[in-house]
Amino acid sequence: MAVPVAEAEKVDYTGTSEVSGSQQYEIFERPSGWRGWHSHPTVQVALLGFVCFMCPGMFNALSGLGGGGQVSTQDQANASSALYATFAFFGFFSGTINNVLGARLTLMLGTLGYPLYISSFLVVNIHPNAGTYVIVSGAILGVCAALLWTAQGSLMMAYPTESQKGLYIGIFWAIFNLGGVVGSAVAFGQNFHSTANSVGNGTYIGFLVLTVTGFFLPLFMTNPEKMVRTDGTRVVVHRHPSWKTEFISLFIALKTDPWIILLFPMFFASNYFYTWQFNDYNGAIFTIRARGLNNFVYWTSQILGSIFIGYIILDKKSLGRRVRAFAGWTIVFLMVFIVHIWAYFYQKTYTRQSTLKIDIYDSTYPAHVWLMIFYGLLDSMWQTFAYWLMGAMSNDMAKLAVFTGFYKSLQSAGAAGVWRADGVQIPYMNIFLSTWCLAAAGMIFAFPMVYYRVKNHTDLEDETL
């Protein structure tokens, strides 16, 4: 129940706050004791992070090895193309599904595809001609992943207050990427002495157990409709009365907030670079144990990158939100060019016909592994900044679910295309240059949206569709 306070005693957001002082919100009393701790937004975002630790985190650990840890990357590239194609289609409608089913149920349904996908690589290890199973499981995972990431995005962006969004995104991203770190460490340790250039069955079984565990974690999360933020405001849960109205909300979101369109190139590029990083760099020129170590430092750097830009830059309380938005844009833009100029000089040294395999004891390895570290920093900063920009546009869960659906759908459309290009053996240099150009274009198109749309506070008219 709302705390019975007089209008004048309600929180007045003025001064450095990011909510207009003329706007007043109903303040609720947060529960105390165990229930208060469990329903605290920070704890709930951490639980959300552990769901993604178990499922997408293990997927990332496997993908980061290059080719899903297999000798040939072709089956995994084609499966990834199918995965992101179905993800792209269902991502446009997953926001409406999330609003109707609720975030917790949507999150649980989304976890189901991950154990299926990982099991397909175990099957291929036992039956080498089962490549079709890998591709089909990838397509099914695309549907499930669209649901999981839409639910995740709507919760992660709605639970924090305006001044906490960068911190909460950083907390989530750190825990989520810890899954990639742990999975990579396991793969590295189990395959340290391997000469087969592919991972063993034990690695896949370990990943499979963890992804199954992830299915049950949403059961321990608080119902979003009962969540109260740390400032006493209740999380806005918006529901439309019918599926038809929910689908219409997709087009209403574009009509009422068309600035989101300028982020579409950034969304499209946001998973595009994984193909070159994982298959065409890590999977192409390193031994299996070097691939495992590269994967470990890559996901570790993601944790550091997300905390740096989320907490130190985007949530710096001494600066207005517009200043932080420009600072975040500048850092990510510079990182795009630093990393890709560096990578260009390595890409010139090999092709698909090369047999070069760099091991962890080779003299050239340290310089090459540092590139993986910087790619991890760039990726985490890119994703954190994209989520933060969407969160700066609204605090409403339904609207954020639609925005997240757009994000994941376009992200997957770009990934589907480039994974298919890799599957048909397009030259590495072509894929690399297209990656660089798309990343640069994404940031350039985002700049006008940052300049004109990001405000120092979120107005009430921005709260709903």
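As the structure is a computational prediction, the values presented were derived from the model and not from experiment. (Residues numbered from 1 in each chain as written. Predicted model: local features only at pLDDT ≥ 70, side-chain atom pairs only at ≥ 80, totals over all residues. Heavy atoms only, no water.)

So, on to the packing of aromatic side chains. Tallied over the full model, the rule gives 46 aromatic pairs. With a centroid separation of 6.1 Å and 20° between ring planes, the pair formed by phenylalanine 121 and tyrosine 204 is classed as stacked. You can see phenylalanine 121 sitting in helix α6 (residues 113–126) and its partner tyrosine 204 sitting in helix α9 (residues 201–214), a full 83 residues away along the chain. Given the relative accessible area of 1%, phenylalanine 121 is considered buried. By relative accessible area, tyrosine 204 is classed as buried at 0%. Taking the centre distance of 5.0 Å and the plane angle of 55° together, the rings of tryptophan 276 and phenylalanine 432 count as tilted. Of the two residues, tryptophan 276 sits in helix α12 (residues 273–285) while phenylalanine 432 sits in helix α17 (residues 428–453), which places them 156 residues apart along the sequence. (Phe/Tyr/Trp six-rings, centres within 6.5 Å; stacked < 30°, edge-to-face > 60°. Helix = DSSP H or I, 4+ residues; strand = E, 2+ residues; numbered from the N terminus. Buried < 20%, exposed > 50% of the residue type's maximum accessible area, 1.4 Å probe, protein only.)

A word on the nonpolar core. In terms of nonpolar packing, the biggest core is built from 125 residues, with Trp149 and Phe385 touching the most fellow members. No other element matches helix α15 (residues 365–393), which puts 17 residues into this core. Tryptophan 149 has contacts with Cys52, Pro56, Phe87, Tyr114, Phe172, Phe176, Tyr387, Thr404 and Lys408, leaving out every residue within four places of it along the chain. (Core = buried A, V, L, I, M, F, W, Y, C linked by side-chain atoms within 4.5 Å. Contact = heavy atoms within 4.5 Å.)

Quick look at the pattern of salt bridges now. Under the criterion given, the structure shown has three salt bridges. When the shortest N-O distance is used, the salt bridge between aspartate 359 and arginine 289 registers 2.7 Å. Of this pair, aspartate 359 sits in the loop between α14 (321–347) and α15 while arginine 289 sits in helix α13 (residues 288–313), and the two are 70 residues apart along the sequence. The pair formed by aspartate 359 and arginine 289 is uniform in burial state, with each residue classed as buried. (Salt bridge = Lys/Arg side-chain N within 4 Å of Asp/Glu carboxyl O.)

Attention now moves to unusual backbone geometry. Look at glutamine 425: it is not a glycine, yet its phi comes out positive at around 70°. Assessed through its relative accessible area of 40%, glutamine 425 is described here as partly exposed.

What follows is about empty space enclosed by the protein. On inspection of all chains with the given rule, the structure shows two cavities of 30 Å³ or more. Reported here for the largest cavity is a volume of approximately 230 Å³. Lining of the largest cavity is provided by 21 residues; of these, Asn60, Tyr84, Trp149, Asn271 and Lys408 occupy positions nearest its centre. Mapped by element, the contributors of at least two residues to the lining of the largest cavity are α3 (56–64), α4 (74–101), α7 (131–158), α8 (165–190), α13 and α16 (397–423). Residue composition of the lining of the largest cavity, grouped by class: 14 nonpolar, six polar and one charged. When its volume is computed, the second largest cavity comes out at roughly 50 Å³. Taken together, Phe59, Asn60, Ser63, Gln76, Ser80, Tyr84, Tyr274, Phe278 and Trp419 make up the full set of residues lining the second largest cavity. Among the elements of the structure, α3, α4 and α12 are those that each provide at least two residues to the lining of the second largest cavity. Looking at the lining of the second largest cavity residue by residue, the class counts come to five nonpolar, four polar and no charged. (1 Å grid on protein atoms, 1.4 Å probe; cavity = no way out; pocket = protein on both sides within 12 Å on 5 of 7 lines; lining within 4 Å. Points joined across faces, edges and corners; volume = space filled by probe spheres on them. Nonpolar A, V, L, I, M, F, W, Y, C, P; charged D, E, K, R; others polar.)

All we've got here are geometric facts, nothing functional implied.
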